[in-house]
Amino acid sequence: MSDINDELTAGYRRFRADQWPAARAEYEALAQGQKPHTLIVACSDSRADPALIFDAAPGQLFVVRNVANLVPPYEPDGLLHGVSAALEFGVKVLNVKRIVVMGHAHCGGVNAMLNGAPDSCADFVAPWVAQGSAVVRRVAEEVSEDQVEGAAEEAVVRLSIENLRTFPWIAEREAAGELTLTGLHFGIADGVLRALTNKSRFEPLA
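Everything numeric here is computed off the predicted structure, so don't read it as measured data.

**Examining the overall build of the protein chain**
Thinking step 1. The secondary structure content of the protein chain amounts to 7 helices and 6 strands.
Thinking step 2. Across the protein chain, helices and strands are ordered from the amino to the carboxyl terminus as α-β-α-β-α-β-α-α-α-α-β-β-β.
Thinking step 3. Taken over C-alpha atoms, the radius of gyration comes to 18 Å for the protein chain, in line with the 17 Å a tight globule of 206 residues would show.
Thinking step 4. For the protein chain, the spread of C-alpha atoms along the principal axes amounts to about 55 × 45 × 40 Å.
Thinking step 5. Counting across all 206 residues of the protein chain, residues that qualify as buried make up 36%.

Structure, rendered in structure tokens:
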């Protein structure tokens, strides 16, 4: 394992020594198959890990992470769609009962939507975040300067929720009461989760 970062190696050894003995039976059962109750679309940001935030055990969450927690609209065109593939598997095969889109504070992807992606990220990041640029820039014009960042991050969560409903097999399950869609925003500095409601801004979870 000499090619693996020393911090990763040390973490693995702690896992094997401190967690694996107690969790072994659980992992052996999970080896027979998974049945997560929730699919989470989250940002790749290292500071907003869904498993830590929700104190989730292995097998409970089916997590899809990408820059700025974006869900593109339904587009079955035969091309490569990683997020859509994960959604299809989670909903149709794993039969998750909830899809959560979780944004977070100080999101670099949302900042790129507002101010442009770094020049070094023109191949993939720039076209990826472009799908949210119009939405966040419109929101930026509607709020005060000190609220732009948070309002834009919430707007991206709303956009992803709207795009989820363009998938017919998601919309059908939601209409039938078999699937719930939830939008959340995580505050990195305060650790507070805020939820999408019918109000203009997200509300802290009780």
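This is not the end of the story, as more comes after the structure.
**With respect to the packing of aromatic side chains**
Thinking step 1. One pass over the structure, following the stated rule, counts 7 aromatic pairs.
Thinking step 2. Taking 6.1 Å as the distance between ring centres and 85° as the angle between the ring planes, the aromatic pair formed by phenylalanine 15 and tyrosine 27 counts as edge-to-face.
Thinking step 3. In this structure tyrosine 27 comes out as partly exposed when scored by relative accessible area, which is 28%.
Thinking step 4. Between tryptophan 20 and tyrosine 27, the ring centres sit 5.4 Å apart and the planes meet at 40°, which makes this aromatic pair tilted.
Thinking step 5. Of the aromatic side chains, those joined through ring pairs into one cluster are Phe15, Trp20 and Tyr27.

**Here we look at the nonpolar core**
Thinking step 1. With 22 residues, the main nonpolar core has Leu39, Leu87, Ile99, Leu164 and Ile170 as its most contacted residues.
Thinking step 2. When contributions to this core are tallied by element, the ones reaching two or more residues are β1 (38-43), β2 (61-66), α3 (82-93), β3 (98-104), α6 (148-164) and α7 (168-175).
Thinking step 3. Per-element accounting of this core gives the leading share, 4 residues, to α3.
Thinking step 4. Membership of the second largest hydrophobic core comes to 16 residues, among which are Ala112, Val136, Val139 and Leu159.

**Things to note about the sheet that holds β1**
Thinking step 1. One open sheet accounts for 6 strands, arranged β2-β1-β3-β4-β5-β6; its pairing is mixed. At either end of the open sheet lies a strand with only one pairing partner, and these are β2 and β6 (203-204).
Thinking step 2. Taken together, the 7 bridges between β3 and strand β4 (residues 180-186) define a ladder with parallel strand orientation. Each residue of the ladder has a partner; that of arginine 98, found in β4, is threonine 180.
Thinking step 3. Here α3 sits on the sheet in contact with β1, β2 and β3, set at roughly 170° to β2.

**Digging into the packing of helix α5 (residues 125-140) against α6**
Thinking step 1. For the pair α5 and α6, interaxial distance at closest approach is 9 Å and the crossing angle is 135°. Here α6 runs oblique to α5, going by the angle between their axes. Every pair of crossing elements has a handedness; the one defined by α5 and α6 is right-handed. Note on element contacts: α6 touches α5 through Val148, Ala151, Ala152, Ala155, Val156 and Leu159, opposite Gln131, Gly132, Val135, Val136, Val139 and Ala140.
Thinking step 2. The residue makeup of the contact of α5 with α6, split by class, is 10 nonpolar, 2 polar and no charged.

**Some details on the side chain of asparagine 66**
Thinking step 1. Topologically, asparagine 66 is positioned in strand β2.
Thinking step 2. Setting aside its immediate chain neighbours within four residues, asparagine 66 contacts Val41, Ala42, Cys43, Ser44, Val83 and Trp128.

**Examining the packing of helix α4 (residues 108-115) against α5**
Thinking step 1. The geometry of α4 relative to α5 is characterised by a closest axis approach of 8 Å and an angle of 70° between their N-to-C directions. For the element pair α4 / α5, the angle class is roughly perpendicular. Contacts between α4 and α5 involve Gly109, Val110, Ala112, Met113 and Leu114 from the former and Val129, Gly132, Ser133, Val136, Arg137 and Ala140 from the latter.
Thinking step 2. By residue class, the composition of the contact of α4 with α5 is 7 nonpolar, 3 polar and 1 charged.

Procedures and definitions
Residues numbered from 1 in each chain as written. Predicted model: local features only at pLDDT ≥ 70, side-chain atom pairs only at ≥ 80, totals over all residues. Heavy atoms only, no water. Helix = DSSP H or I, 4+ residues; strand = E, 2+ residues; numbered from the N terminus. Rg over C-alpha atoms; globule rule 2.2 N^0.38 Å. Buried < 20%, exposed > 50% of the residue type's maximum accessible area, 1.4 Å probe, protein only. Phe/Tyr/Trp six-rings, centres within 6.5 Å; stacked < 30°, edge-to-face > 60°. Core = buried A, V, L, I, M, F, W, Y, C linked by side-chain atoms within 4.5 Å. Pairing = 2+ DSSP bridges. Contact = heavy atoms within 4.5 Å. Axes fitted to C-alpha atoms, helices over the stretch in contact; angles between N-to-C directions. Parallel < 35°, antiparallel > 145°, perpendicular 65-115°, else oblique. Left-handed = near helix turned anticlockwise from the far one by under 90°. Nonpolar A, V, L, I, M, F, W, Y, C, P; charged D, E, K, R; others polar.

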